[in-house]
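Residues per chain are reported as follows:
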Amino acid sequence: MELARISHQPQPGGAVPRSGDWLRSLGLGDWLYAAALVLGAFFALQQYGASMDVYDKGILLLHVPILMAVGWHWKAFRPFLAAVAAVSLASISLYQGELARAEQSFLLKYLISSQTAIMWMSALIFMATAAYWLGLALRSDFAEKTGNVLTWAAVTMGTSGLFVRWYESYLIGPDIGHIPISNLYEVFVLFSLLTALLYLYYELRYGTRRLGAFVLTVISAAVGFLLWYTFTREAHQIQPLIPALQSYWMKVHVPTNFIGYGAFALSAMVGSAYLLAERGVLASRLPPLRVLEDVMYKAIAIGFAFFTIATILGALWAAEAWGTYWQWDPKETWALIVWLNYAAWLHMRLTKGLRGSMLAWWAVVGLVVVTFAFLGVNMFLSGLHSYGSL
Amino acid sequence: MQRGTARALFELLSSMRFAISLLTILAIASVVGTVVKQNEPFNAYLNQFGPFWFPVFEKLGIYSVYNTSWFLVILAFLVVSTSLCIIRQTRPMLREMRNFREHAREASLRQFSHQASMVPASGVAVSLDRARAYLARSGFRFRASEREDHVLLAAKQGSAGRAGYFLAHGAIVLICIGGLLDGDLPLKLQMATGGKQATSGNQLIADIPASARLGTGNPSFRGNVFIPEGRSASTAVLNVGDGILLQELPFSISLKRFHIDHYENGMPKRFASDILITDDSGKALERTIEVNKPFEYRGITLYQSSFEDGGSLLSLAVHGLARGVPRLTNMQGAVGDTVPLHAGDARYTLELTQFRAFNVEDMGTAKDSDAPASGMARFEQHLGSGAKSPTQKNLRNIGPSYTFKLRDEAGQAREFNNYMMPIEQQGRWYLYSGTRDSQAEAFRYMRIPLDVEGKAETWFALHDIVFDPALRAQLAQRVAARSATGTSAADNGMRDRLTQTVEHTLTLFADRGYESIGRFIEATVPAPERERAADVFVKIMQGAVWEAWLMTRERSGQAAPALDENNAIFLRDSIAALSDSLFYGAPVYLQLTAYDERQATVLQATRSPGKALVFLGSLLLVLGVFAMLYIRERRLFVLIKPNEVLVAMSSNRKAIDVDETFQRHVDGLRELFAAPENRPT
Ligand code: HEM
């Protein structure tokens, strides 16, 4: 049984075995990784500390234990982080503090300036999607492995792209510099990255690459939108922050939100795989229904947990910027609707009997609701959430 | 109510099915308020929905969904349902948390979906010791129960997950109650019980009756405080439906200065108010309030909400456009004021409504050669840094502007928007003045061209001559005389005809500008000839206005203007503006000549007693949700007989990791029990 395979094989990046003695289970590599993180944080403080306020520094330091935990739990995360650091620093050093270098340096122009890196991310995501589908269609392990490598490459380029964009914003002007999660363009990149990373984690955790075709499809759609947005609306241009967005709450609210959205998108794609498999389509190639159901639940659980935090952070921010933690602005209201929807989903699952296709359908519909909250509100409704209007 | 019914009601309200229905209903109800824009002025809704639907929707509370009683009832149900659910679950949950189920029967353990049987290599006592050690090491708490033929170790872990249930669901109740305290409800109660009544917003603060004033003791409110620079305020205005209530504040706030900083590209960078707070304690506090940096004092939080004009003083040059209005006079007024304005015999009131010191506009691409690239070139434009853009915006501050309404004696008002400085368009300079009939329209702009010396007076002088019926004949004669210089009879005849034509054209033009000339052509010239005819009329107008220009120069003793390209363009622009001026809708053009800006800040003042409750609830919610989702309750039973060990596991959540964990424990225990007697555990 597939399940037995999952449970018996110790996963290379699987969960730390038992809560009591995980500290002892850490090897030399783990400690080296931790040391590298600490050094990296100090390097960042020393190099860029001048542009940071107390909160920035606090958040930076907070990332050390967070990334340490992630890397200890999920070993594949480390080379990724190292690659991102290498690419970003290479790009930054090529800039030599001058924006114009983006046009002069070949490497910057065609490889690792922010726009180009994000273009590479887009291309790699499309390629990875094709590879995963090919793997599914031909039952080719090789194609699926290729898909995996391409996805890692895509998130590396995308993440580096965002870091470089952050740096570029400071080159435009010290008062303009800000973390690139402040408009629709930037959060679409973030969404693609986080969804891909979540997928890569589950791929390892459940030992199956068969879901890549489905999850990468939704990321491809996001990237497609991103490109449309870039080419028709020039949305990629770095803009300074309007006063309402100048808040450290933004820096925690937005990424938290997108972990939620990413996880919900993932669950919906797994849900659609479930619905297909249930009807016998691709059934022999997809993981067993129990596994699909489990991934779907796990994704919604993590999405719900993060979305809860994100909504609360949003309320805290609103309390400071607008004077009210909640005022039924369309964006807020739709966040509540998304949240209620998944709360109902979780309760549904707890009541006996509700399993299977009903929950899978619900997860798929959930993505529609999420998409409306994410995009539809900006397109069709007006409100206070002024960033990212289409 | 009978016991049975009460019981059934309790069962229903606290049931999971009811909870799910409620969550769904709440979600759907929330949608309504996002589709219709909330809390707009009633007029806007009347326009949007028409006289039939407007009152229907008003009854349903569509304009303020989240404050309607039906919405509050849904929320109340959620609170009730969740509370009952907690009450109902408390006993079983506590029992579950305490209970080890050490009395489980062997037969029932054998029914578990997770169970495994193994053969121990040693006796019961040794196996028992080993099992205890294993369970302790694996983080289980356990109880042993000895039966006649076996020993049962009943172990569990992760019971704290159940506490998560109380945290999360209790938090929902807290948050809803806190939200209710901060919402409209307290105000509605005060209005219902305290005889408070909203009043019209169009009156002086001093005139607002006591029935529309709320005392400083009001526990919960949210209102706006409007303070012009150099003035102070000690009341906040609460919008209630279409009226207002006045909230007294326990202190007075004066605005020293309001700042708006801009980025280089003209986007706003910072809004900040330097304020001074004084209260009866005699203390004075100086603070700066910014967006995202509120300030709390005596339980009231002040936020930077928006800004307005606080009565900037405007100096205006009044250029007469209609007949009988003096060429140039001066006047002054402050934004917010209503000033009488006499234009000849007509009486108007001038309402100065707004002033803006900065206007950053995208002036379009500077060069025409910036055509969008295509194909690979277009793609390459999007490589590189995020700082560049293929379509460069040409943002420029085009200086101050102000808006006003001009109301005639019949009460009809037109709105105008004038820029103070001339604005450049393709190397030429113009004064821009926009006008519109109603708020719903966009401004249509009249562009008054400046002459080569950069003065607008030339155009006004041309305006006076061209539209003066007394000068029309003279002007026509001069045009004709310049064109036909001969003295023969034929020349005289031609001159007369030309004079008539010019005079006729000027008369036509004076009515509705190019429009009446166009109509005349359509009425009298056959279609194929019209274009040529139009050319002729344009030439005639150019000749006439050129002549008018010469006349103004003669009057002021200046030399004639040069006949060059520049002046030709000026002539063309002047005629266009003359034509437009006939539709301007005002007898005067009001040119802003100087200003003394005074800004006003709008602060939001709130007292929200529920905030702490909501934030506490939020914290508990997060803790509870994580505990419920991630602390996994597991029960492990190890039943030890002389020749068999039965291991069984149960969990309150079905998930694959239960299988995984069970397998791990079975593997671990199997290895343990299979070891020979003397191996240390
Ligand atoms: C907005 C409102 C609510 C939220 C956000 C919420 C959230 C949650 C969450 C996240 C779980 C855990 C689900 C899982 O582990 O898969 C849960 C479980 C549960 N909820 Fe709610 N809930 C809400 C309202 C209610 C109401 C009104 C009831 C009353 C009927 C209720 C009854 C329960 C019960 C009985 C459980 C199972 C607890 C357990 O077995 O540990 N919930 N809830």
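Here the structure is shown first, and the text comes after it.
Residues take numbers from 1 onward in each chain, read along the sequence in its written order. Lettering for chains starts from A, numbering for ligands starts from 1, and both go in the order in which the items are written. Local features in a predicted model are, by the rule used here, given only for residues with pLDDT of at least 70; side-chain atom pairs are given and counted only at 80 or more, and totals for whole chains, interfaces and linings are based on all residues. The side-chain values count all of the structure's non-hydrogen atoms but skip hydrogen atoms and water molecules.

Trainee: Explain the packing of helix α1 (residues 3-13) of chain B against helix α4 (residues 69-98) of chain B to me, and be specific about the residues and the numbers.
Mentor: Residues and elements named next belong to chain B. To define axes, lines are fitted to C-alpha atoms, for helices over the stretch in contact only, and angles between the resulting N-to-C directions are given on a 0 to 180 degree scale. A run of H or I in DSSP counts as a helix once it spans at least four residues, and a run of E counts as a strand once it spans at least two, with each numbered from the N terminus. Two numbers describe how α1 lies on α4: the axes approach to 8 Å, and their chain directions differ by 105°. Comparing the axis directions of α1 and α4 gives the class roughly perpendicular. Touching Phe-10, Glu-11 and Leu-13 of α1 are Phe-77, Val-80, Ser-81, Leu-84 and Arg-88, all from α4. When grouped by side-chain class, the residues that make up the contact of α1 with α4 number 5 nonpolar, 1 polar and 2 charged. Relative orientations are named as follows: roughly parallel for angles under 35 degrees, roughly antiparallel for angles over 145 degrees, roughly perpendicular for angles from 65 to 115 degrees, and oblique for any other angle. Any two residues whose heavy atoms approach within 4.5 Å are treated as being in contact. Three categories are distinguished: nonpolar for Ala, Val, Leu, Ile, Met, Phe, Trp, Tyr, Cys and Pro, charged for Asp, Glu, Lys and Arg, and polar for the others, with Gly belonging to the last.

Trainee: Explain the pairing of strand β14 (residues 338-343) of chain B residue by residue, including any values.
Mentor: Residues and elements named next belong to chain B. Accessibility here uses a 1.4 Å probe with only protein chains present; expressed as a share of the type maximum, an area under 20% marks a residue as buried, one over 50% as exposed, and anything in between as partly exposed. Burial of the side chains of β14 is restricted to one face: Val-339, Leu-341 and Ala-343 are buried, whereas none of Thr-338, Pro-340 and His-342 on the reverse face is. Pairing analysis gives 6 bridges linking β14 to strand β15 (residues 346-356), with the strands arranged antiparallel. Note that in β15 the partner of His-342 across the bridge is Arg-347. In sequence, β14 turns back onto β15 through a hairpin of 2 residues, with Gly-344 there showing a positive phi of about 65°. Note on pairing: two strands pair once DSSP finds at least 2 bridges between them.

Trainee: Explain the coordination of the iron atom of the ligand to me, and be specific about the residues and the numbers.
Mentor: Distances up to 2.8 Å from the metal define which N, O and S atoms are donors, and 3.2 Å serves for Na, K and Ca; water is absent from the atom set, so sites may look incomplete. Each protein donor to the iron atom of the ligand is listed here as His-347 of chain A (NE2) and His-169 of chain B (NE2); together their distances run 1.8 to 1.9 Å. Sites are called tetrahedral only when four donors show all angles between 85 and 135 degrees, square planar or octahedral only when four or six donors show opposite pairs over 155 degrees and all other angles between 65 and 115, and irregular in any remaining case. Taken together, the 6 donor atoms coordinating the iron atom of the ligand span angles of 84 to 179° at the metal, a pattern that classifies the geometry as octahedral. Placement of His-347 of chain A in helix α14 (residues 330-350) and of His-169 of chain B in helix α7 (residues 160-182) is noted, with the two residues assigned to different chains. Like His-169 of chain B, His-347 of chain A is buried.

Trainee: Go over a nonpolar patch on the surface, please, and point to the residues and values.
Mentor: Residue and element names in this part refer to chain A. For patch building, the residue pool is restricted to those with more than 30% relative accessible area and no salt bridge; the joining distance is 9 Å between like charges and 5 Å between nonpolar side chains (Val, Leu, Ile, Met, Phe, Trp, Tyr). Note on areas: Shrake-Rupley, 1.4 Å probe, and residue coverage restricted to the protein chains presented here. Definition used for salt bridges: Asp or Glu carboxyl oxygen within 4 Å of a side-chain nitrogen of Lys or Arg. Taken together, the side chains of Phe-106, Leu-107, Tyr-110, Leu-111 and Trp-120 present a nonpolar region at the surface, about 480 Å² in accessible area. Counting residues per element, the nonpolar patch draws most heavily on helix α7 (residues 106-112), which supplies 4 residues. Position of Leu-107 among the secondary structure elements: in helix α7. On the accessibility criterion, Leu-107 (42% relative accessible area) is partly exposed.

Trainee: Give me the environment of Gly-399 of chain B: which residues, what numbers.
Mentor: Residue and element names in this part refer to chain B. Take Gly-399: it is sitting in the loop between β17 (395-397) and β18 (401-407). The spacing of Gly-399 and Pro-41 is 358 residues in sequence and 32 Å in space, taken between C-alpha atoms. If near-sequence neighbours (up to four positions away) are discounted, Gly-399 is found in contact with Ala-357, Phe-358, Asn-359 and Met-421.

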